[in-house]
Amino acid sequence: MRRLAAALTAALALGVGLTACGESDPVSGTSTGETREITHAMGATKVPAEPKRVVVLDTDKIDTALSLGVTPVGAATAGEAKSWPTYFGEDKLAGIKEVGVLTEPDLEAINALKPDLILGSKFRQEKFYDELSAIAPTVFTEKVGITWKENFLLDGKALGKEQQAKDLLATYEKRAKDFGAKLGDASSRKVSIVRFIPGNIRVYGPDSFSGIVVGDTGLGRPERQLLEGKEDKRFDLVSPERVNEVDGDVVFVTAYGEKAAAEQTKVTAGSLWQGLSAVKAGKAHVVSDEVWMTGIGVGAANKILDDLEKYLAA
């Protein structure tokens, strides 16, 4: 990563400095001088009432911003994925500048964009918080995935779109509930969620982003993926030799990056995978990783519902 000394020097030259107790003053140059105080994972921060130049440092943040009609000036990319959420359409992504990856934001590039608000995650970028706050007011959510709804509402508030965020979330939740009701006994249908990442196969539990979305519909999960007795119910690992454990009435499969996609092709061509009851029944479906795994926002959640309607409604 390009080191930050130059970036911080430039930021300080612009009159933006660190403040105590996790609170940062708003930068100049916003549309109005009005500010609002946002309490978040790192403290309390005064942000512009109507931020105009927003930088986002996690995949859920870009989903949130675009869902709320805000196009960020800069965004971090998701490592192996090397892209932003294309499910919004290329026109929505045009003009956004890349500012590093989720775990290693390019602070110099961020500073050059002169943002008036930075949205990030304590889980991923805690060590960069003071440096980011020296550039612009910075708001961090605490966790990733399990708290995606709370994160959406907090980020919406920081963006000055609090009521719109509440309305979008309520609309999604009603849609999920209504879809489950149309299925009849939704809980009897066991939905398996499998992800290939480089070197590993994961099954996703009820506290993962996609697991929460599936749960919102009332659909059931295979017993193996309830992760009962485990403290972390987001995901668990399965070896290629035990891939029979990923079976369900229907299986949704994703791959994180090109290397993982190659591993997915190899495993799914094998006899163990081909022996799964869902595969034999033609009910194993490859879906978008950026939707089911890295989207982590209301936009991606609705896309998951699109997939569930496509493959389960019939």
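Sequence order sets the numbering: in each chain, residues are counted from 1 along the sequence as written. Local features are withheld for residues below a pLDDT of 70 in this predicted model, meaning they are given only at 70 or higher, and side-chain atom pairs are given and counted only at 80 or more; totals for whole chains, interfaces and linings count all residues. With hydrogens and water stripped out, all remaining heavy atoms of the structure feed into the side-chain values.

Considering the overall build of the protein chain
Strands are runs of DSSP state E lasting at least two residues, helices are runs of H or I lasting at least four, and both sets are numbered from the N terminus onward. Along the backbone of the protein chain there are 14 helices and 13 strands. A burial count over the protein chain gives 52% of its 314 residues as buried. It only takes one pair of heavy atoms within 4.5 Å for two residues to be counted as in contact. Sequence separation of 24 or more characterises 65% of the internal contacts of the protein chain that already satisfy a separation of 6 or more. A 1.4 Å probe and the Shrake-Rupley method give the accessible areas. Residues count as covered only by the protein chains that appear here. With the model as given, the accessible surface of the protein chain reaches about 13,900 Å², and the carbon-plus-sulfur share is 50%. Between buried and exposed lies partly exposed: a residue is buried under 20% and exposed over 50% of the maximum accessible area for its type, with that area taken using a 1.4 Å probe on protein chains only.

Observations regarding the packing of aromatic side chains
Here a Phe, Tyr or Trp ring, Trp counted by its six-membered ring, pairs with any other such ring whose centre lies within 6.5 Å, and the pair is stacked when the planes are under 30 degrees apart, edge-to-face when over 60, and tilted otherwise. All told, the structure shown has eight aromatic pairs when counted by the stated rule. Between Tyr 204 and Phe 235, the aromatic rings sit 5.7 Å apart at their centres with planes inclined by 40°, giving tilted as the arrangement. Residue Tyr 204 is located in strand S10 (residues 200-204), and its partner Phe 235 is located in strand S11 (residues 235-238); the two are separated by 31 residues in the primary sequence. Residue class for Phe 235 comes out partly exposed when judged on its relative accessible area of 24%. Grouping aromatic residues by their ring pairs yields a cluster made of Trp 148, Tyr 172 and Phe 209. For Arg 202, the ring lying beneath its charged end belongs to Phe 235, and the centroid distance is 3.8 Å. When the NZ atom of lysine or the CZ atom of arginine is within 6 Å of a ring's centre and also within 35 degrees of its normal, the charge is said to sit over that ring.

Some details on helix H7 (residues 148-158)
Of all 11 residues in H7, eight are buried; the element is thus mostly enclosed. Taken together, the buried positions of H7 are occupied by Trp 148, Lys 149, Asn 151, Phe 152, Leu 154, Asp 155, Gly 156 and Ala 158. Gly 160 occupies a position one or two residues after H7 and carries a positive phi of about 80°.

Comments concerning the packing of helix H2 (residues 59-67) against H7
When two helices pack together, their arrangement is captured by the angle between the axes and the distance separating the axes. At a closest axis distance of 10 Å, the pairing of H2 and H7 adopts a crossing angle of 60°. When the axes of H2 and H7 are compared, the pair comes out oblique. Both H2 and H7 take part in a crossing whose hand is right-handed. Touching Asp 60, Lys 61 and Thr 64 of H2 are Asn 151, Phe 152, Asp 155 and Gly 156, all from H7. Think of it as three bins: nonpolar holds Ala, Val, Leu, Ile, Met, Phe, Trp, Tyr, Cys and Pro, charged holds Asp, Glu, Lys and Arg, and polar takes everything else, Gly as well. The residue makeup of the contact of H2 with H7, split by class, is one nonpolar, three polar and three charged. For helices, the fitted line uses only the C-alpha atoms of the stretch in contact; every axis is such a line through C-alpha atoms, and the angle between N-to-C directions lies from 0 to 180 degrees. When describing relative orientation, an angle under 35 degrees is termed roughly parallel and one over 145 degrees roughly antiparallel, while 65 to 115 degrees is termed roughly perpendicular and anything else oblique. In this scheme the handedness of a crossing depends on how the near helix is turned from the far one: anticlockwise by less than a right angle means left-handed, clockwise means right-handed.

Notes on the side chain of His 285
When you line up the elements, His 285 lands in strand S13 (residues 284-286). With residues up to four places along the chain from it excluded, the contact list for His 285 reads Val 250, Val 251, Phe 252, Val 253 and Tyr 311.

Comments concerning the pattern of salt bridges
What makes a salt bridge here is a side-chain nitrogen of Lys or Arg within 4 Å of a carboxyl oxygen of Asp or Glu, nothing more. Applying the stated criterion across every chain yields a total of 17 salt bridges. A salt bridge links Asp 155 to Lys 61; the nearest nitrogen and oxygen atoms lie 2.9 Å apart. One end of the pair, Asp 155, is in helix H7; the other, Lys 61, is in helix H2, with 94 residues separating them in the sequence. Judged by its relative accessible area of 0%, Asp 155 is buried. Here Lys 61 falls in the buried class, since its relative accessible area comes to 0%.

Some thoughts on the pairing of strand S7 (residues 117-121)
Along S7, five of the five residues are buried, which leaves the element largely enclosed by surrounding structure. Covered by surrounding structure in S7 are Leu 117, Leu 119 and Ser 121 together with Ile 118 and Gly 120, the residues of both alternating faces. The rule for pairing is simple: two strands pair if DSSP sees at least two bridges between them. Bridging between strand S3 (residues 54-56) and S7 involves three bridges; their strand directions are parallel. Along S7, the bridge assignment pairs Val 56 with Leu 119.

Side note on the environment of Ile 118
Residue position: Ile 118 is located in strand S7. A sequence separation of 41 residues divides Ile 118 from Leu 159, and the C-alpha atoms of the two residues are 9.9 Å apart. Aside from chain neighbours lying at most four places away, what touches Ile 118 is Val 55, Leu 57, Ile 110, Leu 132, Ile 135, Ala 136, Pro 137, Thr 138 and Val 139.

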